[in-house]
Amino acid sequence: MIDVAAIRSQFPILQREIYGKPLIYLDNAATSQHPQCVIDRIAHSYCRVNANVHRGVHTLSQEATEAHENTRKKVQRYINARYSHEIIFTRGTTEAINLVAHSFGQAHLNDGDEVILTVMEHHSDIVPWQLLQQRKDIKLRVVPIDERGELNMEIFRSLFNEKTRLVCVMQASNVLGTINPIDEIIAYAHTHNVPVLVDGAQGIPHLSVDVQALDADFYVFSAHKVYGPTGIGVLYGKEKWLDSMPPYQGGGEMIAQVSFERTTFNELPYKFEAGTPDYVGSAAFATALDWVESVGLEAMQLHEEALLHYATTQLMTIDGIKIYGTAQRKTPVISFLVDNIHHYDMGMLLDKLGIAVRTGHHCAQPLMHALGIEGTVRASFAVYNTFEEIDAFIAAVKRVSNMLR
Ligand code: PMP
């Protein structure tokens, strides 16, 4: 059991009021809030340590470098990567996928090749592949979902052929909450010698991840969804793939030797890390992962599952409600609409009651199209949310629904 009150007291933002009402923050799938220790670590970096990393012999630079590289090792342990140089720091999930699309695409995809995606992918796992299509004549094959919001695995398997070069799949849907069977997907793709990129943006905050046990070829995520700072994320890639891929951006740090005649590139992971990295963010990122471990991911999961179950059951008592995503295994995310009330109107009025939810297409327009809607209201929970907050949220949805009907 976790002590939610004690956890909440560590999050200064949860003391805020919105329109005179206590903030009820249910937009955690977009970004989570930060415990004081993470905020303090950012301040500590600027107050005591700040210096550019990797290039300095002076004490500050060495301390900043040590903190930055310690985070790489922390992330390596957190997702159980084999080597720390398989952890590439990026700006987030989006940049990590763009990196793979660009560099893996450059090295391994040729005209006529095919990439398998799912209809529930976030735009950040669709558009980079479409950008690649401007350079290479590749084909995107899309796995559909069933009425519960689960992937149709039969169709998934049927999409493989001798041209299939990569599978890209989200671990969990930011809209439906569906937790996809990535272990099964990876195992099947590997029987065809096809590597798999897992978008872990919605997985890492809720699920324990072991990239070696999964045998994932690429796994990407953002720190800001797991109680860490914005502006930093991770591309995990198996060494053999990363070694086979050309640099994504050129600049400082990623080179070995530069001359106007010939430039050679640095080794992993620096080959993919051009320019000054977000070393303030990386230091606080480690603090965030330490914090999650100190609370305990399993205890968090139990609490979040209880919140999900309670909120779903309560929401279903509302007349005219439709929940999008009723998969057997879900992250604590609920997308819904009430009758024909516009999601935007619902979100605006909930805000007036102090409740932060997300509305719209959630960067998943192809999924919205498949569902035949333009958007949803989405409530998503984190470890600091309470059952009392859900009661207030349900009462507010009822009130707003009655007003707008
Ligand atoms: N993939 C998924 C599943 C997401 O939920 C998000 C964030 N909404 C992203 C990718 C993009 O993450 P970021 O904006 O941090 O790069």
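Above this note sits the structure.
Everything numeric here is computed off the predicted structure, so don't read it as measured data. (Residues numbered from 1 in each chain as written. Predicted model: local features only at pLDDT ≥ 70, side-chain atom pairs only at ≥ 80, totals over all residues. Heavy atoms only, no water.)

Once that is clear, we can look at the packing of helix α12 (residues 343-352) against helix α14 (residues 387-404). For the pair α12 and α14, interaxial distance at closest approach is 10 Å and the crossing angle is 125 degrees. Classified by the angle their axes make, α12 and α14 are oblique. Taken as a pair, α12 and α14 cross one another with a handedness that is right-handed. Contacts from Asp 345, Met 346, Leu 349 and Leu 350 in α12 reach Phe 393, Ala 396, Val 397, Val 400, Ser 401, Met 403 and Leu 404 in α14. Across the contact of α12 with α14, the residue classes tally to nine nonpolar, one polar and one charged. (Axes fitted to C-alpha atoms, helices over the stretch in contact; angles between N-to-C directions. Helix = DSSP H or I, 4+ residues; strand = E, 2+ residues; numbered from the N terminus. Parallel < 35°, antiparallel > 145°, perpendicular 65-115°, else oblique. Left-handed = near helix turned anticlockwise from the far one by under 90°. Contact = heavy atoms within 4.5 Å. Nonpolar A, V, L, I, M, F, W, Y, C, P; charged D, E, K, R; others polar.)

Looking now at the environment of Met 245. Note that Met 245 resides in the loop between α9 (239-244) and β11 (255-258). As for Met 245 and Ile 232, which are separated by 13 residues in sequence, their C-alpha atoms are 21 Å apart. The contact partners of Met 245, leaving out residues within four places of it in the chain, are Leu 99, Val 100, Ser 103, Phe 104, Ala 107, Phe 218, Lys 271 and Phe 272.

Scanning all chains against the criterion turns up 14 aromatic pairs. Judged by centre distance (5.3 Å) and plane angle (75 degrees), the rings of Phe 11 and Trp 291 are edge-to-face. Here Trp 291 lies in helix α10 (residues 279-295) and Phe 11 lies in the loop between α1 (4-8) and β1 (17-18), a separation of 280 residues in the sequence. The two residues Phe 11 and Trp 291 agree in class, both being buried. An aromatic cluster of three or more residues is present, and its members are Phe 11, Tyr 227, Trp 291 and Tyr 384. (Phe/Tyr/Trp six-rings, centres within 6.5 Å; stacked < 30°, edge-to-face > 60°. Buried < 20%, exposed > 50% of the residue type's maximum accessible area, 1.4 Å probe, protein only.)

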